[in-house]
Amino acid sequence: MIEWDDKFSVGISRIDDEHKQFIDIINKAIAIKEHHDNPEELKEVLHSITMYAITHFATEENYMIEFNYPEYQYHKEEHHDFSRKVIEYCERVADGDTQFANKILEYLKQWLVNHIQVTDRKYIDCFKRNGLK
Ligand code: FEO
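A quick note: this is a predicted structure, and the numbers were derived from the prediction, not measured.

1. What about the overall build of the chain?
Move 1: Across its full length, the chain holds five helices and zero strands.
Move 2: Along the chain, helices (α) and strands (β) appear in the sequence α-α-α-α-α when read from the amino end.
Move 3: Expected size for 133 residues packed as a compact globule is a radius of gyration near 14 Å; at 15 Å, the chain falls within 12% of this value.
Move 4: On the principal axes, the C-alpha backbone points of the chain span a range of 45 × 25 × 20 Å.

Shown next as structure tokens:
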């Protein structure tokens, strides 16, 4: 499980709220794997992660475009790479490869925590300069 910690905060309320929801969905996936290990539920929650990632990434990328953020391309590629992997994982689980789920969940956890603390932090100054709080 991932627990929200102030060290994850980017100091922009809309984005912090979205990150909290993102963490909640990943925790839900971890709980399903740990407690029921039901492939249908797992498939569903992985689909929710994909959908939520699209929504959240669009929030950030739209701000980046609006504020002319210099690292937009690089950041967008990281988002794209994550989305591609989650879709690929969804397909493997859909094909019945549930043993693979532990690896998936570990990847999702590590990616999100690392991305929030490293890549997302880089836009803080730019977003704040442009009035976000
Ligand atoms: Fe919060 Fe760049 O994802």
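2. Quick notes on the nonpolar core
Move 1: One finds Phe22, Ile26, Ile49, Phe82 and Leu108 to be the most contacted residues of the largest nonpolar core, which totals 30 residues.
Move 2: Elements with a minimum of two residues in this core: helix H1 (13–35), helix H2 (39–66), helix H3 (72–94) and helix H4 (101–119).
Move 3: Grouped together as the second largest cluster of nonpolar side chains are 13 residues, Val10, Phe67, Ile124 and Leu132 included.

3. Looking at the environment of His115
Move 1: Note on placement: His115 falls in helix H4.
Move 2: Separated by 14 residues in sequence, His115 and Arg129 have C-alpha atoms that sit 21 Å apart.
Move 3: When sequence neighbours within four positions are dropped, the list of residues in contact with His115 reads Glu60, His75, Glu78, His79 and Asp120.
Move 4: Here Glu78 takes part through its side chain, which lies 2.6 Å from a polar atom of the side chain of His115.

4. With respect to the packing of aromatic side chains
Move 1: One pass over the full model with this rule turns up 15 aromatic pairs.
Move 2: A ring pair is formed by Phe22 and Phe82, whose centres lie 6.0 Å apart and whose planes are at 80°; its orientation type is edge-to-face. Linking Phe22 in helix H1 with Phe82 in helix H3, this pair joins segments that are 60 residues apart in sequence.
Move 3: By relative accessible area, Phe22 is classed as buried at 0%.
Move 4: Summarising the aromatic geometry, the rings of Phe67 and Phe127 are spaced 5.5 Å apart at their centres and angled 70° between planes, so their arrangement reads as edge-to-face. Of this pair, Phe67 sits in the loop between H2 and H3 while Phe127 sits in helix H5 (residues 124–129); the two residues are 60 residues apart in sequence, bridging distant segments of the chain.
Move 5: You can call Phe67 buried: its relative accessible area is 11%.
Move 6: What links up through ring pairs into an aromatic cluster is the set Phe22, Tyr52, Phe57, Phe82, Tyr89, Tyr107 and Trp111.

Reading guide: rules and limits
Residues numbered from 1 in each chain as written. Predicted model: local features only at pLDDT ≥ 70, side-chain atom pairs only at ≥ 80, totals over all residues. Heavy atoms only, no water. Helix = DSSP H or I, 4+ residues; strand = E, 2+ residues; numbered from the N terminus. Rg over C-alpha atoms; globule rule 2.2 N^0.38 Å. Core = buried A, V, L, I, M, F, W, Y, C linked by side-chain atoms within 4.5 Å. Buried < 20%, exposed > 50% of the residue type's maximum accessible area, 1.4 Å probe, protein only. Contact = heavy atoms within 4.5 Å. Polar contact = N/O pair within 3.5 Å; in protein donor to acceptor, adjacent residues only side chain to side chain. Phe/Tyr/Trp six-rings, centres within 6.5 Å; stacked < 30°, edge-to-face > 60°.

Keep in mind these values describe shape, not function.
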